[in-house]
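# What the coordinates show
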Amino acid sequence: TFRPDAFSYCIALQAMGTKGASYIQGRGYEFLDRLLSSSIPPERAAFNGIILTLAKNECFMKAEECLNHLVQSYKAGITSAKPDMTSFTTITIAYAKQGKPLHAEKVLDQLEELYATTKERWLRQSTTIYNTIIDAWAKSNEENSALRAHNILNKMKNMTDALIRPDAISYSGVINAYGRNNNPEAAEALLGEIESGAVNFVEPNTVIMNCVIDAWAKTNGTDRFYAAQRAEAILERMEQESASNPAIKPDKISYTSVLNAWAHASTGHDVAAADRAENLLQHMITMYQRGHIETPPDTIAFNTVLKSFAVSGATKKAESLLADMFYRWESSRTSKPDNFSFNIVVYAYEIEFGKDSEQAKKAKDRIQRLRERLNVI
């Protein structure tokens, strides 16, 4: 007589998984309930397959139920049920990808507790799983998400296991979390912690520095001009120190983020901020001509400055920069104006002089001729 085992259920559930989550949540759950209430010995490999199928179909609660069944069976002395890292990380990663960091962290807590009591090597955690949860918190809109990410980082720092050490990804994740939570000061403090030499195995690099620049660039604090100054100060430091430390050489993201910071500061008619954005753009052009950066400023970089002039009321400067883009494209095929480039300058005239004003109409005609020459319709 054929007697189904855990692998039989695993194969059947995988087949059901091809029909979608709704099918699994109906027929599949009934099927699994029979397995979990039966005397069939759990097999780790089979249950890992079941957990994976459930996680892929976002049946997280049922996946946790199967994990708990595996853990409790192992604690009861059923050796075939011995869970491993895959048993836990499958659910943890799935929760993290779905933006559920709190649930992911609870599964990790369960793994840590089991490892602490058994010391089984197949349950030994690594930096990767902690970084996954830090990243989930960094992308979360939940209250105190940055502090939760920082708590994970601190936990890693206090661990003695050589497999769990904070790395550049760990710090970048927490810095990004503070950026999303409008706390660039805390983000820069973490950079200072790294630069002080207090963190073993982590050195400043371009990615970490860019994350701090981005935190300042996105701040919604009242003093956006100061925030842009802080972002540019970090960029200047990267330029100055990269000769002796190539790991922090600024890249396209570094410059674009500072441009965005000045654009952010120019909102509310701050022409000085828009001028700083243009100065940086010209600096990028010079750096490219001298071979210090690999590519010239692109259309997005020019558009960022165009928008800065438009929202700060510097209409003539916006049109002048658009003309510069046009001639650069005709002479060197770089920074081709696009629809946004033309539209934002027209918008600037309409805001300053009125949509039906003579100035706006003439500007629209001039810009239309440029559009036609570049075939940007």
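Reading the values: rules and limits
- Once a new chain begins, its residue numbering starts again from 1 and follows that chain's sequence as written.
- Under the rules for a predicted model, residues below a pLDDT of 70 receive no local features and side-chain atom pairs below 80 are neither given nor counted, while totals for whole chains, interfaces and linings still include all residues.
- The side-chain values count all of the structure's non-hydrogen atoms but skip hydrogen atoms and water molecules.
- Think of it this way: any DSSP run of H or I at least four residues long counts as a helix, any run of E at least two long counts as a strand, and we number them from the N terminus.
- For the radius of gyration, the atoms used are the C-alpha atoms, and the globule rule reads 2.2 Å times the number of residues raised to 0.38.
- Buried, partly exposed and exposed residues are distinguished by accessible area as a fraction of the type maximum, computed with a 1.4 Å probe on protein chains only: under 20%, between the cut-offs, and over 50%, respectively.
- Residue contacts are counted whenever heavy atoms from the two residues lie within 4.5 Å of one another.
- Note on areas: Shrake-Rupley, 1.4 Å probe, and residue coverage restricted to the protein chains presented here.
- Stacked, tilted and edge-to-face pairs are distinguished by plane angle, under 30 degrees for stacked and over 60 for edge-to-face with tilted covering the rest, among Phe, Tyr and Trp rings (Trp via its six-membered ring) whose centres lie within 6.5 Å.
- A ring is considered to have a charge above it if a Lys NZ or an Arg CZ atom is located within 6 Å of its centre and within 35 degrees of its normal.
- What makes a salt bridge here is a side-chain nitrogen of Lys or Arg within 4 Å of a carboxyl oxygen of Asp or Glu, nothing more.
- Nine residue types can take part in a nonpolar core, namely buried Ala, Val, Leu, Ile, Met, Phe, Trp, Tyr and Cys, and a core is a set of them joined through side-chain atoms within 4.5 Å.
- Expected helix span is taken as 1.5 Å per residue step, with the number of steps being one fewer than the number of residues.
- We call two N or O atoms a polar contact when they sit within 3.5 Å, provided that within protein one can donate a hydrogen and the other can accept it, with sequence-adjacent residues counted only if both atoms are side-chain atoms.

### Looking at the overall build of the chain
Helix and strand counts for the chain come out as 18 helices and zero strands. A compact globule built from 377 residues would reach a C-alpha radius of gyration of about 21 Å, whereas the chain, at 28 Å, exceeds it by more than 25%. Here the C-alpha coordinates of the chain stretch approximately 90 × 50 × 35 Å along the principal axes. Counting across all 377 residues of the chain, residues that qualify as buried make up 47%. Sequence separation of 24 or more characterises 65% of the internal contacts of the chain that already satisfy a separation of 6 or more. For the chain, the exposed surface amounts to about 18600 Å²; the carbon and sulfur share of it is 49%.

### Looking at the environment of Glu241
Tracing the chain through its elements places Glu241 in helix α12 (residues 224–241). Sequence spacing of Glu241 and Gln289 is 48 residues, and the spatial spacing of their C-alpha atoms is 20 Å.

### Describing the packing of aromatic side chains
Tallying each qualifying case throughout the model produces six aromatic pairs. With a centroid separation of 4.7 Å and an interplanar angle of 45 degrees, the aromatic rings of Tyr9 and Phe31 are classed as tilted. Taken as a pair, Tyr9 in helix α1 (residues 6–17) and Phe31 in helix α2 (residues 21–36) lie far apart in primary sequence, 22 residues in all. Of the two residues examined, Tyr9 and Phe31, each falls in the buried class. Relative to Trp262, the ring of Phe225 has its centre 5.0 Å away and its plane inclined at 70 degrees; by these criteria the two rings are edge-to-face. Taken together, the positions of Phe225 in helix α12 and Trp262 in helix α13 (residues 252–266) put the pair 37 residues apart, joining distant regions of the chain. The positively charged end of Lys19 is found above the aromatic ring belonging to Tyr23, 4.7 Å away from the centroid.

### Some details on the pattern of salt bridges
When charged atoms on two side chains of opposite charge get close, those side chains can pair. Per the stated rule, a full pass over the model turns up 18 salt bridges. The shortest N-O distance in the salt bridge between Arg237 and Glu195 comes to 2.6 Å. Of this pair, Arg237 sits in helix α12 while Glu195 sits in helix α10 (residues 184–195); the two residues are 42 residues apart in sequence, bridging distant segments of the chain. Relative accessible area serves as the criterion here: at 36%, Glu195 is assigned to the partly exposed category. Its salt-bridge partner being Glu232, residue Arg276 comes within 3.3 Å of it at the nearest N-O pair. Of this pair, Arg276 sits in helix α14 (residues 271–289) while Glu232 sits in helix α12, and the two are 44 residues apart along the sequence.

### Considerations on unusual backbone geometry
Within the chain, Glu58 stands out as a residue other than glycine whose phi angle is a positive 60 degrees. Looking at the secondary structure, you find Glu58 in the loop between α3 (44–56) and α4 (60–75). With a phi angle near 60 degrees, Ser335 is a residue other than glycine that sits in the positive phi range. On the secondary structure map, Ser335 appears in the loop between α16 (315–332) and α17 (339–353). With relative accessibility at 7%, the residue Ser335 sits in the buried group.

### Re the nonpolar core
Formed by 117 residues in total, the largest nonpolar core has its most connected members in Ile50, Leu54, Cys66, Phe88, Leu306 and Val345. Filtering out sequence-adjacent residues up to four positions away, Ile50 remains in contact with Ala6, Cys10, Leu13, Leu32, Leu35 and Cys66.

### Re the environment of Glu188
Counting through the fold element by element, Glu188 comes out in helix α10. What makes Glu188 buried here is its relative accessible area of 17%. Separated by 24 residues in the primary sequence, Glu188 and Val212 have C-alpha atoms spaced 5.8 Å apart. In this structure, Glu188 is in contact with Val212, Trp216, Arg230 and Ile234, ignoring residues within four places of it in sequence.

### Some remarks on helix α15 (residues 299–312)
In this model α15 runs 20 Å from its N-terminal to its C-terminal C-alpha over 14 residues, within 8% of the 20 Å that 1.5 Å per residue would give. Within α15, eleven of the 14 residues are buried, which leaves the element mostly enclosed by the surrounding structure. Of the positions making up α15, those classed as buried are Thr299, Ala301, Phe302, Asn303, Thr304, Val305, Leu306, Ser308, Phe309, Ala310 and Ser312. Buried residues belonging to α15 abut α13, α14, α16 and α17. Where α15 begins, one side-chain oxygen reaches toward the backbone nitrogen of Ile300, 3.2 Å away; that side chain belongs to Asp298. Positive backbone phi, at 85 degrees, marks Gly313, one or two positions downstream of α15.

So far we have only geometry, and geometry alone does not tell us how the molecule works.
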